[in-house]
Amino acid sequence: MLRNRRIFLAVTLIDALGSGLWVPFALLFLVHGQGMGLLDAGTSLSTGALLALVTGPMAGVAMDRFGPRALLIAGNLVRLGAFCAYPLVHTSWPVIAVSVVAGFGDRLFWTCNAPMVARLTSGTETDRMLATQTVGRFAGAGVGAAAMAVLPAITSQAAFHALAYANAASFAVAAGLIALLPALSRESADQGAELSRESSAGSWRAVLANRPFTGFCVTHTAFTLASASKFAVLPIVVRDLLHGPQWIAGTAITLGTVVVVTAQRPIVSLLAGRSRTAGLLGAAGLFAVSFALLIPLEIVPLPVAAALIMVTSLGFSVAEAMFGPTGTAAAAAAAPAGAEGRASSIFQLSWGLPVALAPGLLAALLSVGNALTWTVLALTSTAAVPALLALRKKLPEALREPSPAVAG
């Protein structure tokens, strides 16, 4: 079992590094590698990402039918094909099509991720493995951000194409590693047959009628909106509202990434023995306070504003480390039996929708004013507190499960 966990963890870290490198390079690739206009490239990528969200329920049904291992392999092979196709597209509609295919692969992978972790682990081991995955995602994003700062000036079209093909190769390696895992990681053959019968009985009704689970997914959107928003408009705020140097935003984002990567496992250890509810409540409070500290940015001197931005970057990062693995583990534990794939696809929407909608929402709020932007985000984070307290009684096993005693 330990070997299987290490193989799957290696797969997720490969995914994190590849995705982390690609996200900041996607626009550069299309503009400088494929000759597209900036607005056309950005609109095409966003449109493809939104359309790909529609495939989430399909991924959930497929996982309940075929199991997480087969769908994880399929998700990596789909993305292998998409990244081999990226160097071949130069106009909007082909880019949208390839982006949808890549997004479908992402939906397959992340819909099956938590169920696969649940099959490879038990109890608090689930939280520990998800915490390590969170470190990998942020490390990948950090590597991508750092590379973006130095590589574009010295790369050519061939180099951009090489990056796409290298990403494709990483998904091929990941698919090969997953193929080494057994079809059922924890269950015996008899238990596997029972799971198959439960899966056949599982339905969308079983998931959508489970009000505590759907309520948790809705509540979780407050955390993912905070996560997607925390740094999204910070460069614009610093430049256009504060008229300050861009190193302020850049330093804050870098500091936040470093904190998550280095503090994730110690934070998980500090939560040892406490319930998942406690970790989520702490994250909601930290997000709310951090957003509230940014409300007066326009009315304080620039040095004070810079200090507030650095402090809130720390707060955001600690909150991120607290809610990421905890929320995912709680959702996996609360999923209705026999419909884990469908449940995971619904939970993934609580990640995908805020990420897709955040740019437009934040732009609209910021067009009204800085204070309104951070006030709305502080209030949405605060709203998660009473919701979690109510859900704790309805999801006792999922939300009272102690956090891991040792980070591993």
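Residues numbered from 1 in each chain as written. Predicted model: local features only at pLDDT ≥ 70, side-chain atom pairs only at ≥ 80, totals over all residues. Heavy atoms only, no water.

- The name given to the protein in an unreviewed UniProt entry is Na+/melibiose symporter, and the organism recorded there is Amycolatopsis pretoriensis.
- As recorded by UniProt, the Subcellular location (unreviewed entry) comment attached to the protein reads in full: "Cell membrane". (UniProt positions renumbered as here; feature names shortened; annotations may be inferred.)

Side note on the pattern of salt bridges
Phase 1 of the analysis: All told, the structure shown has four salt bridges when counted by the stated rule.
Phase 2 of the analysis: A salt bridge links Lys-230 to Glu-320; the nearest nitrogen and oxygen atoms lie 2.9 Å apart. Pair noted here: Lys-230 is in the loop between α10 (211-229) and α11 (234-241) and Glu-320 is in helix α14 (residues 302-334), with a separation of 90 residues, a long-range link. Each member of the pair, Lys-230 as well as Glu-320, carries the same accessibility label: buried.
Phase 3 of the analysis: One network of salt bridges, with partners in common, ties together Asp-15, Arg-79 and Asp-106. (Salt bridge = Lys/Arg side-chain N within 4 Å of Asp/Glu carboxyl O. Helix = DSSP H or I, 4+ residues; strand = E, 2+ residues; numbered from the N terminus. Buried < 20%, exposed > 50% of the residue type's maximum accessible area, 1.4 Å probe, protein only.)

Overview of the side chain of Ser-350
Phase 1 of the analysis: Examined against the element boundaries, Ser-350 turns out to sit in helix α15 (residues 340-368).
Phase 2 of the analysis: Those residues in contact with Ser-350 that lie beyond four places of it in its chain are Cys-217, His-220, Thr-221 and Thr-224. (Contact = heavy atoms within 4.5 Å.)

Some thoughts on the packing of aromatic side chains
Phase 1 of the analysis: Inspection of every chain in the model, using the stated rule, returns 12 aromatic pairs.
Phase 2 of the analysis: Each ring, one from Phe-216 and one from Phe-347, has its centre 6.4 Å from the other, and the planes form 15°; the classification is stacked. Separated by 131 residues along the polypeptide, Phe-216 in helix α10 and Phe-347 in helix α15 bring together distant segments of the chain. Phe-347 matches Phe-216 in its accessibility class, with the two residues each being buried. (Phe/Tyr/Trp six-rings, centres within 6.5 Å; stacked < 30°, edge-to-face > 60°.)

Here we look at a nonpolar patch on the surface
Phase 1 of the analysis: A surface patch of nonpolar side chains, amounting to about 240 Å² of accessible area, comprises Val-289, Leu-293 and Val-311.
Phase 2 of the analysis: Turning to its location among the elements, Leu-293 is positioned in helix α13 (residues 276-293).
Phase 3 of the analysis: Leu-293 gets classed as partly exposed once you look at its relative accessible area, which sits at 32%. (Patch = residues over 30% accessible without salt bridge, like charges linked within 9 Å, V, L, I, M, F, W, Y side chains within 5 Å. Areas by Shrake-Rupley, 256 points an atom, 1.4 Å probe, with all protein chains shown as cover.)

Section: the nonpolar core
Phase 1 of the analysis: Phe-213, Phe-216, Phe-223, Leu-297 and Ile-309 are the most contacted members of the largest nonpolar core, which has 59 residues in total.
Phase 2 of the analysis: For this core, the elements supplying multiple residues, two or more each, are α10, α11, α12 (247-270), α13, α14, α15, α16 (370-394) and α17 (396-400).
Phase 3 of the analysis: Of the residues forming this core, the biggest block, 13 residues, is contributed by α14.
Phase 4 of the analysis: Apart from the residues lying within four places of it in its own chain, the contact partners of Phe-213 are Val-207, Ala-331, Ala-334, Ala-335, Ala-343, Ile-346, Phe-347 and Leu-395.
Phase 5 of the analysis: The next biggest cluster of nonpolar side chains, apart from the first, holds 23 residues, and it includes Trp-110, Met-116, Leu-130 and Ile-178. (Core = buried A, V, L, I, M, F, W, Y, C linked by side-chain atoms within 4.5 Å.)

Some remarks on the environment of Asn-76
Phase 1 of the analysis: Its location among the elements puts Asn-76 in helix α4 (residues 68-85).
Phase 2 of the analysis: Between the alpha carbons of Asn-76 and Ala-174 there is a distance of 6.7 Å; along the sequence they are 98 residues apart.
Phase 3 of the analysis: A polar side-chain atom of Asn-76 sits 3.3 Å from a polar atom in the side chain of Arg-79. (Polar contact = N/O pair within 3.5 Å; in protein donor to acceptor, adjacent residues only side chain to side chain.)

Details of the packing of α10 against α16
Phase 1 of the analysis: Between α10 and α16, the shortest axis-to-axis distance is 9 Å and the interhelical angle comes to 150°. By the criterion of interaxial angle, the relationship of α10 to α16 is roughly antiparallel. Here α10 runs over α16; the crossing is left-handed. On the side of α10, the interface is formed by Pro-212, Gly-215, Phe-216, Thr-219, Ala-222, Phe-223, Leu-225, Ala-226 and Ser-229, while α16 contributes Trp-374, Leu-377, Thr-380, Ser-381, Ala-384, Ala-387, Leu-388, Leu-391 and Lys-394.
Phase 2 of the analysis: For the contact of α10 with α16, the class distribution of residues is 12 nonpolar, five polar and one charged. (Axes fitted to C-alpha atoms, helices over the stretch in contact; angles between N-to-C directions. Parallel < 35°, antiparallel > 145°, perpendicular 65-115°, else oblique. Left-handed = near helix turned anticlockwise from the far one by under 90°. Nonpolar A, V, L, I, M, F, W, Y, C, P; charged D, E, K, R; others polar.)

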